[in-house]
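# Observations on the three-dimensional arrangement
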Amino acid sequence: MAKTKKKTKQNPSVRNLRSVNIVLDISEPSRLQGYIPTAKSIELTKKVMSGLYNKSTERAFAAAAPYGSGKSSAALVWCALAEGSLKSAAPALYAEVTKELKKNGLDLSTSKKAILSVPLQGFEESVSKQVLDGLVTALKRRNLKSIVTKLKGLPRDIDGVIKAIETIQTFGGAKAKGILIVWDEFGKLLEHGAAKGESKALFEIQTLAEYVQRSTSDFPVQLCLLLHQSFSQYATNLPSYVKSEWSKIEGRFNRIDYIEDSKEIYNLISEVASRPTSISPKVATELAKKCHSLKVFKEFSQKALVEIIRKSAQLNPLSLYILPHLSARVGQNERTLFTFLCSDDRNGYLSYGGKETVTPDKVFDYFSDLMRTDTGVGGTHKLWAQLQN
């Protein structure tokens, strides 16, 4: 009889760290249990929430973040926090986030202001249609179906979007005192525009950004775009006049680079990868000294690095070092730093059963297919080819 492969027990803190789809998961914010907010995510959360609670007049943001940075989970936190569902769905996370926000000057613990959260993802066929559909879905989720009826017949263009927002403001009552539109994977829209040579969608986004910037504290409307690079980087192969137009549109947004502090991300990885350690302090110290001699983990003291090495004992220290770098270069939604750590599929971290050391070549195997097909400008295909020889 064939032996059944024993499934490695996962660190409880990572049970819900698999990829997030904010459109699907807004109805199930309990998926956020196990999400670990970082200092950078708290900083961005404050920026986004401040405009909704009369602490800022900034209403339009474009946050650029590498794959695997946790931006989608952070976005789901904003939506659930604004809508009021985070407290009951993930009480420990709610307590931690509100505590950190209070430390940073934003106290949401006593706020009863109901915000309509409108999560969007990727790009479908039209900006206006996608936003209108998102507004309708949000209204239905909040049991505001009477307003949905009033939106029927509106034109499926940007004027229709603005009219819909004004209708919600007029009839939303206590259940809708503002709107938060969060658009994850907005880069898909830019990729579409670059491939088709079309700018209509971007001009609609520009109009929406200009509109939300003029919204008042009585009914704030916040727009936050999440993408993996700046607008101009998506326009690399377009004519200079188009690049100039895209740059002007990007200028309508408060641009934020969502790059985690390297010390914090390594601490987070070691937390997620944590296993009962079998590395003695003496061995860990020798490994830490070797790392420093190789000029890696320079930001850590030897004492701090020893602790991280012991905590993530199953990861070879060099594997730990390259994970965020490799994920940022070639990661995609289905293959990121955290999907590697949470995966028991072939070459995923959990597939090694909690005993076998995960060396750099095993990390490479997990991301290999992405590197092989990463043939664009600055892509990693050339490096992949060299490593095959």
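As a reminder, the structure under discussion sits directly above these lines.
Notes on the structure in this doc start here. (Residues numbered from 1 in each chain as written. Predicted model: local features only at pLDDT ≥ 70, side-chain atom pairs only at ≥ 80, totals over all residues. Heavy atoms only, no water.)

## Looking at empty space enclosed by the protein
Here is the rule we go by: We place a 1 Å grid over just the protein atoms. Points where a 1.4 Å probe fits but has no way out form a cavity, open points with protein on both sides within 12 Å along at least 5 of 7 lines form a pocket, and any residue with an atom within 4 Å of a point lines it. Grid points are joined across faces, edges and corners, and a volume is the space filled by probe spheres set on the points. Under the DSSP-based scheme used, a helix requires at least four consecutive residues in state H or I and a strand at least two consecutive residues in state E, with every element numbered from the N terminus. Gly is placed with the polar residues, together with every amino acid not listed as nonpolar (Ala, Val, Leu, Ile, Met, Phe, Trp, Tyr, Cys and Pro) or charged (Asp, Glu, Lys and Arg).
All told, the structure shown has three cavities of 30 Å³ or more when counted by the stated rule. Here the largest cavity is characterised by a volume of approximately 40 Å³. In terms of lining, the largest cavity is formed by Tyr67, Glu185, Phe186, Gly187, Lys188, Glu191, Leu227, His228 and Tyr234. No other element matches the three residues that helix 9 (residues 187-196) contributes to the lining of the largest cavity. Looking at the lining of the largest cavity residue by residue, the classes come out as four nonpolar, two polar and three charged.

## Quick look at the pattern of salt bridges
Any two side chains of opposite charge can pair if their charged atoms end up close together. So the rule is basically this: Whenever a carboxyl oxygen of Asp or Glu lies within 4 Å of a side-chain nitrogen of Lys or Arg, that contact is scored as a salt bridge. Only protein chains enter the area calculation, which uses a 1.4 Å probe; residues under 20% of their type maximum are buried, those over 50% are exposed, and those in between are partly exposed.
For the structure on display, the rule yields 13 salt bridges. Between Glu43 and Lys40 there is a salt bridge; the shortest N-O distance is 3.7 Å. A residue pair is termed a helical-turn pair when its members lie 3 or 4 positions apart in one helix, as Glu43 and Lys40 do in helix 2 (residues 39-50) at three residues. By relative accessible area, which is 18% here, Lys40 ends up buried. Across the pair Arg142 and Glu83 runs a salt bridge whose closest N-O atoms are separated by 3.9 Å. With a gap of 59 residues between them, Arg142 in the loop between helix 6 (127-141) and helix 7 (145-151) and Glu83 in helix 3 (residues 71-83) connect regions that are remote in the sequence. No difference in accessibility class separates Arg142 from Glu83, as the two residues are buried.

## Digging into the environment of Leu190
Rule in force here: We call two residues in contact whenever any of their non-hydrogen atoms come within 4.5 Å of each other.
The residue Leu190 is located in helix 9 in this model. For Leu190, a relative accessible area of 0% puts it in the buried group. Among residues more than four places away in sequence, those in contact with Leu190 are Leu202, Leu227, Phe231, Tyr234 and Trp246.

## Some points on the packing of aromatic side chains
Going by this rule: Only the six-membered ring of Trp is used, alongside the rings of Phe and Tyr, when aromatic pairs are assigned; centres must lie within 6.5 Å, and planes under 30 degrees apart are stacked while those over 60 apart are edge-to-face, with the rest tilted. Charges are assigned to positions over rings by a cutoff of 6 Å between ring centre and Lys NZ or Arg CZ, combined with an angular limit of 35 degrees from the ring normal.
All told, the structure shown has 11 aromatic pairs when counted by the stated rule. On the basis of an interplanar angle of 45 degrees and a centroid distance of 6.2 Å, the ring pair of Phe340 and Tyr349 is categorised as tilted. On the basis of relative accessible area, Tyr349 is assigned to the buried category, the value being 0%. Cluster of aromatic residues (ring-pair linked, three or more members): Trp183, Phe186, Phe231 and Phe253. The ring of Phe171 carries Lys150 above its face, with NZ or CZ at 4.4 Å from the centroid. Over the ring of Phe300 we find Lys263, and its NZ or CZ is 5.8 Å from the ring centre.

## Details of helix 5 (residues 91-103)
Defined as follows: To estimate how far a helix should reach, multiply one less than its number of residues by 1.5 Å. The reported arc concerns the directions from the helix axis to the C-beta atoms and nothing else.
Taking 1.5 Å per residue as the helical rise, helix 5 with its 13 residues ought to reach 18 Å, and the 18 Å between its terminal C-alpha atoms agrees with that figure. Where helix 5 is concerned, the buried positions are Leu93, Tyr94, Val97, Thr98 and Leu101. Relative to the axis of helix 5, the buried residues are bounded by an arc of 120 degrees and lie together on one face. Facing away from the buried side of helix 5, by more than 90 degrees, are the exposed residues Ala92, Lys102 and Lys103. Just past helix 5, the residue Gly105 takes up positive phi, approximately 95 degrees.

## A closer look at the sheet that holds strand 1 (residues 60-64)
Strand pairs in the sheet, formed through backbone hydrogen bonds, run parallel or antiparallel to each other. Applicable threshold: A strand pair is defined by DSSP finding two or more bridges across the two strands. Working convention: axes come from line fits to C-alpha atoms, limited for helices to the stretch in contact. Angles between N-to-C directions cover 0 to 180 degrees.
Ordered by their spatial adjacency, five strands build an open sheet running 2-3-4-1-5, and the pairing between neighbours is parallel. Of all the strands in the sheet, the pair left with one neighbour each is strand 2 (116-121) and strand 5 (254-257). Across this sheet, the average inter-strand angle for adjacent strands is 15 degrees, counted without regard to direction. With five bridges connecting them, strand 1 and strand 4 (residues 221-227) associate as parallel partners. Across the sheet, Ala63 pairs through a bridge with Leu226, a residue of strand 4. Where helix 10 (residues 200-213) meets the sheet, its contacts fall on strand 1, strand 3 (179-184) and strand 4, and the angle it forms with strand 4 comes to roughly 140 degrees.

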